[in-house]
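One-letter residues, chain by chain:
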There are 2 protein chains.
Amino acid sequence: MIPIVCIVGASNVGKTTFLEQLIPALLERGYRVGTLKHDVHGFEMDREGKDTWRHRKAGAQAIAISSPAQIAIIRQTEGELGLEEIAGRYFSSEDLLLTEGYKRSHYPKIEIFRRVVENSPICGPKDNLLAIVTDENIASDTPCFGFDEVAKVADMIEGRFLKDRKRPGLLVHLDGKQLPMKEFVQDFVIGGIIGMLSTLRGWKKSGKVDIQIRPGSE
Amino acid sequence: MIPIVCIVGASNVGKTTFLEQLIPALLERGYRVGTLKHDVHGFEMDREGKDTWRHRKAGAQAIAISSPAQIAIIRQTEGELGLEEIAGRYFSSEDLLLTEGYKRSHYPKIEIFRRVVENSPICGPKDNLLAIVTDENIASDTPCFGFDEVAKVADMIEGRFLKDRKRPGLLVHLDGKQLPMKEFVQDFVIGGIIGMLSTLRGWKKSGKVDIQIRPGSE
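Here the structure is a predicted model, which means the values were calculated and not measured.

Asker: Pulling in residues and values, what's your account of the overall build of chain A?
Answerer: Scanning chain A from terminus to terminus reveals five helices and eleven strands. Oriented by its inertia axes, the alpha-carbon framework of chain A measures out at about 65 × 50 × 35 Å. Counting all 218 residues of chain A, 55% fall into the buried class. Within chain A, contacts between residues separated by at least 24 positions form 54% of all contacts whose residues are at least 6 apart in sequence. When the accessible surface of chain A is totalled, it reaches about 10,100 Å², and 46% of it is carbon and sulfur.

Asker: So, unusual backbone geometry: which residues are in play, and what are the values?
Answerer: Positive phi, close to 60°, is recorded for Asn128 of chain A, a residue that is not glycine. Considering the arrangement of structural elements, one finds Asn128 of chain A in the loop between strand E6 (109-113) and strand E7 (129-134). Positive phi is not limited to glycine here, since Asn12 of chain B has a value of about 65°.

Asker: Just give me the short version of the interface of chain A and chain B, but keep the residues and values in it.
Answerer: Taken together, the contact between chain A and chain B spans 102 residues of the former and 102 residues of the latter. Summed over both sides, the interface of chain A with chain B buries roughly 10,100 Å², with 56% coming from carbon and sulfur. Together, Met45, Gln70 and Ile213 of chain A form the three largest contributors to the area buried by chain A at its contact with chain B, with a combined 8%. Where chain A touches chain B, the interface holds six salt bridges. Lys37 of chain A is the salt-bridge partner of Asp51 of chain B, the closest N and O atoms lying 2.5 Å from each other. Where chain A packs against chain B, one counts 55 residue pairs in polar contact (both at pLDDT 80 or more). Considering each element in turn, the side of chain A that touches chain B owes the most residues, nine residues, to helix H5 (residues 183-197) of chain A. Along the lines of polarity and charge, the residues of the side of chain A that touches chain B split into 49 nonpolar, 27 polar and 26 charged. Two strands pair when backbone bridges link them, and strand E2 (residues 33-38) of chain A and strand E3 (residues 62-66) of chain B are joined in this way by five bridges, in the parallel orientation. Paired with Thr35 of chain A across the two strands is Ile63 of chain B, which belongs to E3 of chain B.

Asker: How would you sum up the environment of Ser140 of chain B? Please name residues and give values.
Answerer: All names here are of chain B. With respect to the helices and strands, the residue Ser140 is situated in the loop between strand E7 (129-134) and strand E8 (144-145). Along the chain, Ser140 and Pro125 lie 15 residues apart, while their C-alpha atoms are 9.1 Å from each other. Engagement of the side chain of Ser140 in a polar contact is seen with the backbone nitrogen of Thr142, the distance being 3.0 Å.

Asker: Pulling in residues and values, what's your account of the relation of the copies chain A and chain B?
Answerer: In screw terms, the move from chain A to chain B is a rotation of 180° and a rise of 0.0 Å along the axis, fitting with an RMSD of 0.1 Å. Seen this way, the second copy is the image of the first under a two-fold rotation axis. Comparing interface residues between copies, 100% of those in chain A also lie at the interface in chain B; the contact surface is shared.

Asker: Can you lay out the pattern of salt bridges for me, pointing to particular residues and giving the numbers?
Answerer: Per the stated rule, a full pass over the model turns up 24 salt bridges over all chains. With its nearest N and O atoms 3.4 Å apart, the salt bridge here joins Arg114 of chain A to Asp135 of chain A. With Arg114 of chain A in the loop between E6 and E7 and Asp135 of chain A in the loop between E7 and strand E8 (144-145), the pair connects residues that are 21 residues apart, well separated along the chain. Arg114 of chain A sits in the partly exposed class, given a relative accessible area of 25%. With a shortest N-O distance of 3.0 Å, Lys152 of chain B and Glu149 of chain B are connected by a salt bridge. Residues joined in a network through salt bridges with shared partners are Arg29, Asp155 and Glu158 of chain A.

Asker: Tell me about the sheet that holds strand E10 (residues 177-178) of chain A, and please be specific about residues and values.
Answerer: Spatial strand order, E10(A)-E9(A)-E11(B)-E11(A)-E9(B)-E10(B): six strands in an open sheet with antiparallel pairing. Every interior strand has two partners, whereas the edge strands, E10 of chain A together with strand E10 (177-178) of chain B, have only one. Relative to strand E11 (residues 209-214) of chain B, strand E11 (residues 209-214) of chain A runs antiparallel, the two being bridged by five bridges. Within the sheet, the bridge partner assigned to Gln212 of chain A lies in E11 of chain B and is Asp210 of chain B.

Asker: An account of the packing of helix H1 (residues 15-28) of chain B against helix H4 (residues 150-162) of chain B is requested, with residue identities and associated values reported.
Answerer: Residue and element names in this part refer to chain B. Following both chains from N to C, one finds H1 and H4 inclined at 60°, their axes separated by 9 Å at the closest point. It follows that H1 is oblique to H4 by the angle criterion. Crossing of H1 over H4 shows right-handed handedness. In contact with Phe18, Gln21, Leu22, Ala25 and Leu26 of H1, H4 contributes Val150, Val153, Ala154, Ile157 and Leu162. Here the residues of the contact of H1 with H4 are counted per class, giving nine nonpolar, one polar and no charged.

Conventions adopted
Residues numbered from 1 in each chain as written. Chains lettered and ligands numbered in written order. Predicted model: local features only at pLDDT ≥ 70, side-chain atom pairs only at ≥ 80, totals over all residues. Heavy atoms only, no water. Helix = DSSP H or I, 4+ residues; strand = E, 2+ residues; numbered from the N terminus. Buried < 20%, exposed > 50% of the residue type's maximum accessible area, 1.4 Å probe, protein only. Contact = heavy atoms within 4.5 Å. Areas by Shrake-Rupley, 256 points an atom, 1.4 Å probe, with all protein chains shown as cover. Buried area = accessible area lost by both parts, 1.4 Å probe. Salt bridge = Lys/Arg side-chain N within 4 Å of Asp/Glu carboxyl O. Polar contact = N/O pair within 3.5 Å; in protein donor to acceptor, adjacent residues only side chain to side chain. Nonpolar A, V, L, I, M, F, W, Y, C, P; charged D, E, K, R; others polar. Pairing = 2+ DSSP bridges. Least-squares fit on C-alpha atoms with pLDDT ≥ 70 in both. Axes fitted to C-alpha atoms, helices over the stretch in contact; angles between N-to-C directions. Parallel < 35°, antiparallel > 145°, perpendicular 65-115°, else oblique. Left-handed = near helix turned anticlockwise from the far one by under 90°.

Here you go:
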């Protein structure tokens, strides 16, 4: 699965503004970046009266709209999907997933902190906190960066998660003949498969996976 | 992959209105329905100024927002994704995918036809046309239904695509031990894997697939 880094902090502390600077800093370094916003209240993405909106109101569990430049999907879920499932299923083509929110997850976090918003950081070292981005002088064992040090934060993320990843191995045989795949495509396929399987009862992390599919008729 | 039926017809002939009736008729029969709108011009799904909109403007290749009741994803693409890829990657949990548009695909089609909009149907029997829904008396070898016969159209779709599907077989071993999966989950996993692999050079349809994944380190 791709690395996940959660950008956390109090409401209105500037998480989105920080992401607006961090994303291009990572793109410049040649990485593909996905983002995921945690919305606890529910959101309205589509526009009333649009065709896709009408499909959804008619009861379709999942609706999509595809154009030459982009695709959008809205899927109804029974309860919130896990971060692993989302990353594996929808972000298998990216190098890194940055989340806005998900402070309760166990993934590495960067907290945005301003004392005018909150008295003290909402995360401690036990929360897998990588760094604090702040305009304050705070006493902390966690590395601190100023709001003008986005490039340093990008360097840290690159060094920790993006360089020298040892790639897992993938072999796909079709009727006994190996299907050639570039590294990028291998990562995509592995990410997709592991993302699906990891949601199942009986899954454990570092195992060898062998899959056989035998054709049926539709 | 799940069955795909394309609802086609001239602009403003009533495709969305027909889908608004067909979707609940299929839901009533116990099927999970996904829809896909073909948009040749490009669309704006997100709202200006929202956090996800700002992530995308900052350059993220894929952005998502997740809440307890739904998840939405917007992904930038280089050219339009194929119907197979979209179905395999994003609709593996549904029983049926209904598209609005995609008249040039080779999938089975239902045409909505009104002579006040167009002189003659846009599809012929060569276009894999299953049925015409119309308020006209037209001479055609293709079955015709009136706009009040949505239940009959749903029956036809059910009979052709949803009943008695012979399921393909799936076996997943983790460290040599079989991972148990319900039929629904098997379909989900097979759909996801075939959806990814079918976009690759060297893929052909009815082969046996064997996949080995060996763990790396991240």
